[in-house]
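Chain and residue survey
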Amino acid sequence: MRPFWHPVSALVLSDPPTLASPTLVKLLLRSQGSLELRYAGDRMVPATRHGVPLHLRPLGTRAISVGEAVVAAPAGIPDLFRVDRIEGDDVLLGADADPDESVRAAIGCILAGTDLPHRRDRRTRRRLRRLRLDLVEAVRHGADRAEDAASTVRDKYEGQAEFYRAAAGPSLDEAVLARMRQVTRPAGSVLVVGCGTGRDCFAIAEMGYRSVGLDFAPAMIRVAREEAGRRGVEATFLEGDLRVVALEPGSLAGVIFTYDVYSFLPSRRERVDVLRMLARSLEPGGRIFLSARRVRRGWDRVVLTILRWNGKSARKEWGVAHTRYVTSDGRLRRSFVRMFTDRQLRRETREAGLVGSAWVGGHGEYRSEETIHK
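Everything numeric here is computed off the predicted structure, so don't read it as measured data. (Residues numbered from 1 in each chain as written. Predicted model: local features only at pLDDT ≥ 70, side-chain atom pairs only at ≥ 80, totals over all residues. Heavy atoms only, no water.)

**Here's the deal with the side chain of His322**
In plain terms, the rule: Runs of H or I in DSSP of at least four residues are treated as helices and runs of E of at least two as strands, each being numbered from the N terminus. We call two N or O atoms a polar contact when they sit within 3.5 Å, provided that within protein one can donate a hydrogen and the other can accept it, with sequence-adjacent residues counted only if both atoms are side-chain atoms.
Mapped onto the secondary structure, His322 falls in strand 16 (residues 320–326). At 2.7 Å, the side chain of His322 and the side chain of Glu137 are in polar contact.

Next comes the structure, spelled out in structure tokens:
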């Protein structure tokens, strides 16, 4: 059984509080002989917990061993790992409270050893530990305490713009882009809702469409415009809240939501109004490709039910949850997300006058009922 919340993890310098980089870790170890960082997150529970100091020491010439806790940067960002297996010049890296498959990396990506004790856990134990952490999170924390829960989403992405700038290629599944090619008028205008730093807009522009991106995080739009200029791609980027933006009726050949953006709208009334507005913006034959976080497993239902009745906030709507992330200064924060059953999504899209078809690549394809009957 997979966890409800994805494990999070980072290493933070204490003074000033900021995420550590591989170069800085190497320099400080070389000059000081040892280094203290602060651990942020929960991937390495119970070996260490959020906010606890972590002592690093150089590896020197000694060999690493299975079960050792090490600091490594397999994806270019230092993090704390457990050595699960050594295979020649490669190492498999996991974490004590992360049931995902171990990450394969070159031994050379290991930056330092730690003073944490050796430990060897089977994946089953890691999975059970993760599920227990899910239950603790559900009982202790809520996500809708802000006056406008969507503001917690804006705060999250506002602080992550530079990270997304470095990401390569579109985030959308190729199957979604292929389907859009089939059913959307060539050279038409396509709106990307929640465009972020513009990766999907660039891909859509390269397909021959007039690409328009919308995002309510100013930093994301700033980076998107800079990247468009740097790449020489013609795309329009609008900074604005989807709930209040004005779009010209019949102006769009297609609308595509990036992953889970519909789930960031807190109110059902707002969601239905947004879908109606987008339906009016479609030209005849236009499509909306909608993505939302959907309830797929029994475990999701268990956690969502606990979140509704834990007494921490006045939740009246089943499905309200939150995501978690680590800020650049090492704080563990939470942001709103709404999860849907298929029945709930059908109810909202029908109320907005949309007719849907099968889901492809994490997106449902919808048309305006009015344009179908014209």
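**Looking at the sheet that holds strand 19 (residues 363–368)**
Filter applied, for reference: Two strands are counted as paired when DSSP detects at least two bridges linking them. Axis definition: a line fit to C-alpha positions, over the contact stretch in the case of helices; interaxial angles, taken between N-to-C directions, run 0 to 180 degrees. Only heavy atoms enter the contact rule, under which two residues are in contact if any of them lie within 4.5 Å.
The strand order across the open sheet built from seven strands is 12-11-10-13-14-19-18, with neighbouring strands paired in mixed fashion. Looking at strand neighbours, the two that pair on one side only are strand 12 (235–239) and strand 18 (354–360), the edges of this open sheet. Strand-to-strand twist of the sheet, defined as the mean angle between neighbouring strand axes without regard to direction, takes the value 20°. Inspection of the sheet shows strand 14 (residues 282–290) paired to strand 19 by three bridges, in the antiparallel sense. Across the sheet, residue Leu290 finds its bridge partner in strand 19, namely Gly364. Set on the sheet, helix 7 (residues 218–231) makes contact with strand 11 (210–215) and strand 12; between it and strand 12 the angle comes to about 165°.

**Structural notes on a positive patch on the surface**
Here is the rule: Like charges are joined within 9 Å and nonpolar side chains (Val, Leu, Ile, Met, Phe, Trp, Tyr) within 5 Å, but only among residues with over 30% relative accessible area and no salt bridge; these make up the patches. In these tables, accessible area is a Shrake-Rupley quantity obtained with a 1.4 Å probe, and a residue counts as shielded only by the protein chains included in the view. When a carboxyl oxygen of Asp or Glu lies within 4 Å of a side-chain nitrogen of Lys or Arg, that pair is called a salt bridge. For the purpose of counting charges, residues Lys and Arg are taken to be positive, whereas Asp and Glu are taken to be negative. His and the chain ends are not included. For charged residues, the charge sits on one atom: NZ in Lys, CZ in Arg, CG in Asp, CD in Glu.
On the surface, a cluster of positive charge is contributed by Arg343, Arg346, Arg347 and Arg350. Within the element layout of this structure, Arg343 appears in helix 10 (residues 342–351).

**A look at the confidence of the model for the protein**
The line we're drawing: The pLDDT value expresses, per residue, how confident the predictor is, ranging between 0 and 100.
In this model, the protein carries an average pLDDT of 92, and 96% of its residues clear a pLDDT of 70 or more. Taking the mean pLDDT of every element in the protein, the minimum, 68, falls on helix 11 (residues 369–372) and the maximum, 98, on strand 10 (residues 189–193).

**Focus: the nonpolar core**
Worth spelling out the cut-off: Residue types Ala, Val, Leu, Ile, Met, Phe, Trp, Tyr and Cys, when buried and joined through side-chain atoms within 4.5 Å, form a set referred to as a nonpolar core. Note on classification: 1.4 Å probe, protein chains only; a residue is buried when its accessible area is under 20% of the maximum for its type, exposed when over 50%, partly exposed between these limits.
Counting 53 residues, the largest nonpolar core has Leu242, Val255, Phe257, Tyr262 and Leu278 as the members making the most contacts within it. Broken down by element, the residue count for this core peaks at six residues, all from helix 8 (residues 268–281). Not counting residues within four places of it along the chain, the set of residues in contact with Val255 comprises Leu191, Val193, Leu278, Ser281, Leu282, Arg287, Ile288 and Phe289. Listed in part, the 21 residues of the second largest apolar core include Val176, Cys195, Ile204 and Ala224.

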